[in-house]
Amino acid sequence: MDIDSCTRKAVSSSPSEKIHLRPMTLSDIDDFMVWATDINVTRFCTWEPYTSQEAGIGYINSFVLPHPWLRAICLDDDRAIGSISVTPVDSIRGEIGYVIGSKYWGKGIATEAVRLVAAEIFKEKPEMERLEALVDVDNIGSQKVLEKVGFVREGVMRKFMCLKGNVRDMVMFSFLPSDSLL
Amino acid sequence: MEMDSNETQPTVVVSSPPGRISLRPMTLSDVDDYMVWATDAEVARFCSWEPCTSREEAIKYITDSVLTHPWLRAICLEDDRPIGYILIMPVDNIRKEIGYVLARKYWGKGFATEAVRLVTAEIFKEMPEIERLEALVDVDNVGSQRVLEKVGFTREGVMRNYIIMKGSVRDMVMFSFLPSDPFK
């Protein structure tokens, strides 16, 4: 499997701003609140915008810190502008999810973050056979991110998930250890 | 989440034209008919279970897994003897998954198609909260894919490396049927 690892390196078109991934901490709370309070950002998320820093701290403590694999997406100044995570679905499947502050949309940042994760995650988790993503049918921007990285669009799963009280069609994407990054 | 297994005897569902197949709960007295398909390696090929090897094992499996199942029905011919079974499993609040198994002698006659059609037609009335009935079929299990297509399920796509089946990672075809979908 590692013979192909050099072809999986996160190269190709870089975003206009360089990003890196690092663990998220409580000291990121102010930057977290920037995207977590933004209704444009939460539109396709299962959660509503945060309204208090206390709730944000609660989220970081109860969800972020114990998460098996979650990283802050940072610019050069090491400040978080979003986060990306891989959550185990079962013993062989992981689900990728990401959120970026809307000020940073359209710059290829999410694409670069997803590419970095797809390039590394199978080395970190050799038992993983499938990295998948579920995207709302209307969330074209996020679908484009995955397509640009090289995820395979497997199909539309109709009435797949409840999002804020509505049952939504979701597009299923996957990336396998044997797939090539674009 | 699970169906109330203390419900009064579920009604027997009869197919049309009448006399082809009917669905009813399974009982321990079905053990010998159960063994016909459960011991068959061809039948077990795309199932998560290995072929059954003894009557004791069959009795234990029926007792522990079949009789306790939230929604499982024997598929019976006119003589009321089971030739397989069909079941509905909860996935979450809005999704259920359908599964079925048939003795090999009865393959290729449309019985599974009929059973799936019957259950699909009834299940949304029985479970009005269900928004989606889905089925996952091994890419190589073409026969079972045809069953779902003939009923009118939508083939949504191939999920690559989706599950481990008997130690191998398999691609699975995802199908779905919604309350609003038409039957074929």
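Note that the structure is predicted; figures quoted are calculated from it, not measured. (Residues numbered from 1 in each chain as written. Chains lettered and ligands numbered in written order. Predicted model: local features only at pLDDT ≥ 70, side-chain atom pairs only at ≥ 80, totals over all residues. Heavy atoms only, no water.)

## Quick look at the pattern of salt bridges
One pass over the full model with this rule turns up 31 salt bridges over all chains. R158 of chain A serves as the salt-bridge partner of E156 of chain B, at 3.5 Å between the closest nitrogen and oxygen. One end of the pair, E156 of chain B, is in strand β7 (residues 154-165); the other, R158 of chain A, is in strand β6 (residues 152-163), on a second chain. Each member of the pair E156 of chain B and R158 of chain A is classed as buried. Close ionic contact of R95 of chain B with D92 of chain B constitutes a salt bridge, the shortest N to O distance being 3.8 Å. Connected through shared salt-bridge partners, D90, R93, R130, E132, E154 and D179 of chain A together with R160 of chain B make up one network. (Salt bridge = Lys/Arg side-chain N within 4 Å of Asp/Glu carboxyl O. Helix = DSSP H or I, 4+ residues; strand = E, 2+ residues; numbered from the N terminus. Buried < 20%, exposed > 50% of the residue type's maximum accessible area, 1.4 Å probe, protein only.)

## Section: the interface of chain B and chain A
Facing the 21 residues of chain B at the interface are 22 residues of chain A. Of the roughly 1700 Å² buried between chain B and chain A, counting both surfaces, carbon and sulfur atoms make up 54%. Sorting the residues of chain B by area buried against chain A places R160, N161 and Y162 of chain B first, and these three jointly supply 38% of that buried surface. Here chain B and chain A share four salt bridges between them. The interface formed by chain B and chain A holds 11 residue pairs in polar contact (both at pLDDT 80 or more) in total. Put simply, the parts of the chain that give the side of chain B that touches chain A at least two residues each are β6 (132-138), β7 and β8 (168-177) of chain B. The element best represented in the side of chain B that touches chain A is β7 of chain B, accounting for 10 residues. (Contact = heavy atoms within 4.5 Å. Buried area = accessible area lost by both parts, 1.4 Å probe. Polar contact = N/O pair within 3.5 Å; in protein donor to acceptor, adjacent residues only side chain to side chain.)

## Some thoughts on the UniProt feature "domain: N-acetyltransferase" (unreviewed entry) in chain B
Under the feature "domain: N-acetyltransferase" (unreviewed entry), the UniProt entry names residues 21-179 of chain B. Helix makes up 31% of residues 21-179 of chain B and strand 34%, and the two end C-alpha atoms of the span are 23 Å apart. (UniProt positions renumbered as here; feature names shortened; annotations may be inferred.)

## Looking at the pairing of strand β5 (residues 95-102) of chain B
Residue and element names in this part refer to chain B. For β5, the buried fraction is high: six of the eight residues fall into the buried class. Where strand β4 (residues 82-90) and β5 come together, seven bridges link them in antiparallel fashion. Considered in β5, the bridge of I86 is made with Y100. Count of turn residues in the β4/β5 antiparallel hairpin: four residues. Sheet topology note: the β5/β6 ladder contains three bridges and is parallel. Across the sheet, R95 pairs through a bridge with R132, a residue of β6. Each parallel crossover has a hand, and for β5 linked through helix α4 (residues 111-126) to β6 it is right-handed. (Pairing = 2+ DSSP bridges. Right-handed = clockwise from strand over helix to strand, strands pointing away.)

## Points about helix α3 (residues 53-64) of chain A
Residue and element names in this part refer to chain A. Turning to α3, its buried residues are G56, Y59, I60 and V64. The buried side chains of α3 occupy one side of the element, clustering within an arc of 95° when seen end-on. Opposite the buried face of α3, at more than 90 degrees from it, the exposed residues are E54 and S62. Where the residues of α3 are buried, they touch α1 (29-36) and β2 (70-74). (Arc of directions from axis to C-beta.)

## Observations concerning the environment of L70 of chain A
Residue placement: L70 of chain A occurs in strand β2. Beyond its immediate chain neighbours, meaning those up to four positions away, L70 of chain A contacts P23, M24, F63, V64, S83, I84 and S85 of chain A.

## Observations regarding the sheet that holds strand β4 (residues 93-100) of chain A
Residue and element names in this part refer to chain A. The sheet built from seven strands is open, its strands ordered β1-β2-β3-β4-β5-β7-β6 with mixed pairing. Every other strand in the sheet has two partners, leaving β1 (20-22) and β6 as the edge strands with one partner each. Each adjacent strand pair in this sheet contributes to an overall mean axis angle of 30°, direction not counted. With three bridges joining them, β4 and strand β5 (residues 130-136) adopt parallel strand pairing. Following the sheet pairing, E95 is matched in β5 by E132. Its contacts with the sheet place α1 against β3 (80-88) and β4, and it is angled at close to 85° to β3. (Axes fitted to C-alpha atoms, helices over the stretch in contact; angles between N-to-C directions.)

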